[in-house]
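So the chains spell out like this:
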Amino acid sequence: MYRRLNSLLERIRVVPYHGRTLIGIALLLGGLLWFLPVLGLWMIPLGLLVLSTNFSWARRGYLNIMVWWRRSRRKSQNNRP
């Protein structure tokens, strides 16, 4: 998983600063419209990941989501019979 994430971050860093910002904001706004077809909640962490290369507040938000995700997965795996 970390290899994929690092390769994705390397690809994102090639895009110019303003392009990354616009893409990240578009992904976040698309994630807020999760009830529409094609758009979904998956866009919010991806938007934060794109913005995390530029802004520290987005990096904190992305890391908080990842910690929550890992904890919830760990709890669901421990609750299996």
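So, here is what we can say about the structure in this document. Computed from a predicted structure; not experimentally measured.

1. Description of the overall build of the protein chain
- The number of helices and strands found in the protein chain is four helices and zero strands.
- Moving toward the C terminus, one meets the helices and strands of the protein chain in the order α-α-α-α.
- Expressed along its principal axes, the backbone C-alpha trace of the protein chain runs to roughly 50 × 30 × 20 Å.
- The proportion of buried residues among the 81 residues of the protein chain is 26%.
- Put simply, of all contacts in the protein chain between residues at least 6 apart along the chain, 39% involve residues at least 24 apart.

2. Side note on the layout of surface pockets
- As a volume, the largest pocket reaches approximately 450 Å³.
- Surrounding the largest pocket, 15 residues form its lining, Trp42, Pro45, Leu46, Tyr62 and Met66 being those nearest its centre.
- For the lining of the largest pocket, the elements supplying multiple residues, two or more each, are α1 (2-14), α3 (43-52) and α4 (56-78).
- Broken down by element, the lining of the largest pocket gets its largest block of residues, five residues, from α4.
- When the residues that make up the lining of the largest pocket are grouped by side-chain class, the tally is 14 nonpolar, no polar and one charged.

What counts and how
- Residues numbered from 1 in each chain as written.
- Predicted model: local features only at pLDDT ≥ 70, side-chain atom pairs only at ≥ 80, totals over all residues.
- Heavy atoms only, no water.
- Helix = DSSP H or I, 4+ residues; strand = E, 2+ residues; numbered from the N terminus.
- Buried < 20%, exposed > 50% of the residue type's maximum accessible area, 1.4 Å probe, protein only.
- Contact = heavy atoms within 4.5 Å.
- 1 Å grid on protein atoms, 1.4 Å probe; cavity = no way out; pocket = protein on both sides within 12 Å on 5 of 7 lines; lining within 4 Å.
- Points joined across faces, edges and corners; volume = space filled by probe spheres on them.
- Nonpolar A, V, L, I, M, F, W, Y, C, P; charged D, E, K, R; others polar.

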